[in-house]
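Working through the structure, step by step
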Amino acid sequence: MAAAVSQRVLRAPACLCVFCGLPGAGKSTLTHRVLGTAIEHGWKAAVVSYDELIPEQAYYTEVEEDGVKLKDMHTNWKSHRQAVLQYIEQFLERPEVVVELPSSPLIHGAAWQLCVQPLLQPEELNTDGTPLLFLLDDNFYYQSMRHEVYQLARKLSLGFCQVYLQCDLETCISRNQSRPRPTPVKVIMEMEKRLEYPNPHKNPWEFPSISLNSTNDVSKSDIQRVIELISTALNNPLSPAEDNTEQKEADRLKCAMSVVHQADQACRRLISEAMKTATENQVPSEHMRVLAARLNECKATFLLDLRKQFLQEVRFLQEEDVNVAQVVKRAVESVFDDKKNEILSQFIIIHKTM
């Protein structure tokens, strides 16, 4: 398999270019402008629009009065995003079977065939060495989403780069409202709070990245910057990871322990704050004991689920790949803090109605 991959790369250099940013930031407009310029350069390019490939029901989420369950959205989308990358991988490995891919509830098959059609020669094989370019158009608001693309690029020795579209929230919401199927405003606002933009200083693997201000229309010079970024990525494909399975598993477990430990400390602080709030609201001592037990039970369940989810999602790990503090902050704030507030509110309300 390694030899086959090497031969494919030598025959046709390829690059995965991630376009990330809030809904309405202008990603789709930019990708199609880059597509036209790439074709003018003699490259074979395709826009991989997640909105078109992923069924609409995958984007449904529950909106509550106190916010949006963005974590649920992230979890629901994960299998669909992985399916997109699997289709890209299979195309790069065996482009001749693109029309034979089995139907999948995760991906629109017809949309995928239209997506990759420009990359195919009439004989359905790219043997002339023309660079292949995949322009991935999605929000990619968590760095872990982008890291999945990076992993695929490294696995197949592809070029990899990122373009982040920085656009103010008001403009994004305004543009989004003019769409046939706009994203709920609450979702965009919550996504803006949780957006993890490319940060090469913290994540060295994100080094091939540029940021464009898309509040106004992007300029020709912006397009040129993207083309130069892609050209550099094509000329500098990533090296495959070594097969050190045992060490990777040890690193995963070690990192998981660190995540759980730091999350435990953060949860303890939140529980302490909750108990202080309950005292200030004059919750009786007998109820305080029950409250403490409920909160600690909630913490134990949360930490168990966090460890399980972390080990499932982190398949490849090096020290620079995971920002433990960031993982802990996101998990605690989006899951445990909400549960803590819910439990605390119940006890305070019960006390006030007695």
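Residues numbered from 1 in each chain as written. Predicted model: local features only at pLDDT ≥ 70, side-chain atom pairs only at ≥ 80, totals over all residues. Heavy atoms only, no water.

**A closer look at the packing of aromatic side chains**
Selection criterion: To pair, rings of Phe, Tyr and Trp, with the six-membered ring standing in for Trp, must have centres within 6.5 Å; the planes then decide the type, stacked if under 30 degrees apart, edge-to-face if over 60, and tilted in the middle. Secondary structure elements are defined from DSSP: runs of H or I of at least 4 residues count as helices, runs of E of at least 2 residues count as strands, and each element is numbered from the N terminus. With a 1.4 Å probe rolled over the protein chains alone, any residue whose accessible area is under 20% of its type maximum counts as buried; one over 50% counts as exposed, and the rest are partly exposed. Comment: the charge-over-ring label is applied if NZ (Lys) or CZ (Arg) is within 6 Å of the ring centre and within 35 degrees of the ring normal.
Counted according to the given criterion, the structure contains 9 aromatic pairs. When the centroid spacing of 6.3 Å and the interplanar angle of 45° are considered together, the rings of Phe160 and Trp205 count as tilted. Taken together, the positions of Phe160 in strand β6 (residues 159-166) and Trp205 in the loop between α8 (185-194) and β7 (209-213) put the pair 45 residues apart, joining distant regions of the chain. Note on accessibility: Phe160 and Trp205 belong to one class, buried. Pairwise contacts between aromatic rings join Tyr150, Phe160 and Trp205 into one cluster. Across the ring face of Tyr142, the terminal group of Arg330 is positioned such that the distance to the ring centre comes to 4.1 Å.

**Considerations on the environment of Ile271**
For the record, the criterion: The criterion used for residue contact is that any of the two residues' heavy atoms lie within 4.5 Å.
Looking at the secondary structure, you find Ile271 in helix α10 (residues 245-280). Distance in space between the C-alpha atoms of Ile271 and Lys340 is 7.4 Å, their sequence separation being 69 residues. Beyond its immediate chain neighbours, meaning those up to four positions away, Ile271 contacts Leu295, Asn296, Lys299 and Phe336.

**Considering the sheet that holds β6**
Filter applied, for reference: Strand pairing is assigned whenever DSSP identifies at least 2 bridges connecting the two strands. For helices, the fitted line uses only the C-alpha atoms of the stretch in contact; every axis is such a line through C-alpha atoms, and the angle between N-to-C directions lies from 0 to 180 degrees.
Pairing is parallel across the open sheet formed by 5 strands, whose spatial order is β2-β5-β1-β6-β7. The outermost strands of the open sheet, each flanked by one partner alone, are β2 (44-49) and β7. Averaged over all neighbouring strand pairs, the angle between strand axes comes to 20°, with direction disregarded. Taken together, the 5 bridges between β6 and β7 define a ladder with parallel strand orientation. The partner of Leu165 across the bridge, within β7, is Leu212.

**What to know about the confidence of the model for the protein chain**
Using the following cut-off: Confidence scores here are pLDDT values: one per residue, from the predictor, ranging 0 to 100.
Averaged over all residues, the pLDDT of the protein chain equals 83, while 80% of them reach at least 70. Across residues 1-10, confidence stays below pLDDT 50; counting only partners more than four residues off in sequence or on other chains, it has 10 contacts. Taken together, the stretch residues 61-68 has pLDDT below 50 and engages in 15 contacts with residues farther than four places along the chain or on a different chain.

**Looking at α8**
For clarity, the cut-off: By construction, the arc corresponds to the directions joining the helix axis to the C-beta atoms.
Along α8, the residues that are buried comprise Val187, Ile188, Glu190, Met191 and Arg194. Projection of α8 onto a plane perpendicular to its axis shows the buried side chains occupying an angular sector of 165°, all on one side.

**Some details on the pairing of β2**
Most of β2 sits out of view: 6 of its 6 residues are buried. Where burial is concerned, the two faces of β2 agree: the one with Lys44, Ala46 and Val48 and the one with Ala45, Val47 and Ser49 are both buried. Taken together, the 6 bridges between β2 and strand β5 (residues 132-137) define a ladder with parallel strand orientation. Along β5, the bridge assignment pairs Val47 with Leu135.

**Here's the deal with the pattern of salt bridges**
Worth spelling out the cut-off: Each reported salt bridge corresponds to a side-chain nitrogen of Lys or Arg within 4 Å of a carboxyl oxygen of Asp or Glu.
For the coordinates displayed, the defined rule picks out 11 salt bridges. Taking the shortest distance from any N to any O, the salt bridge between Glu148 and Lys78 comes out at 2.8 Å. Of this pair, Glu148 sits in helix α6 (residues 143-155) while Lys78 sits in helix α4 (residues 70-93), and the two are 70 residues apart along the sequence. The partner of Glu190 in a salt bridge is Lys193, and the shortest N-O contact between them spans 3.9 Å. Here Lys193 and Glu190 lie together in helix α8, a separation of 3 residues that amounts to about one turn. Relative accessible area serves as the criterion here: at 13%, Glu190 is assigned to the buried category.

**Regarding the packing of helix α2 (residues 27-40) against helix α9 (residues 220-235)**
The cut-off we apply is this: Each angle gets one of four labels, with under 35 degrees taken as roughly parallel, over 145 as roughly antiparallel, 65 to 115 as roughly perpendicular, and the rest as oblique. When the near helix sits turned anticlockwise from the far one by under a right angle, the crossing is termed left-handed; a clockwise turn instead gives a right-handed crossing. In this count, Pro and Cys sit with the nonpolar residues alongside Ala, Val, Leu, Ile, Met, Phe, Trp and Tyr, while Asp, Glu, Lys and Arg are called charged and the others, Gly among them, polar.
Taken N-terminus to C-terminus, the directions of α2 and α9 make an angle of 65°; their axes are 10 Å apart at the nearest point. By the criterion of interaxial angle, the relationship of α2 to α9 is roughly perpendicular. Where α2 crosses over α9, the two elements pack in a sense that is right-handed. When α2 is examined against α9, the residues Leu30, Arg33, Val34, Thr37 and Ala38 are found in contact with a partner set consisting of Lys220, Ile223, Val226, Ile227 and Ile230. Of the residues belonging to the contact of α2 with α9, the class tally is 7 nonpolar, 1 polar and 2 charged.

**Structural notes on the packing of helix α7 (residues 169-177) against α8**
Running from N to C, α7 and α8 point in directions that differ by 150°, and their axes come no closer than 11 Å. On the basis of their axis angle, the class for α7 and α8 is roughly antiparallel. The handedness of the crossing between α7 and α8 is right-handed. Across from Leu169, Ile173, Asn176 and Gln177 in α7, the residues of α8 making contact are Val185, Ile188, Met189 and Glu192. Along the lines of polarity and charge, the residues of the contact of α7 with α8 split into 5 nonpolar, 2 polar and 1 charged.

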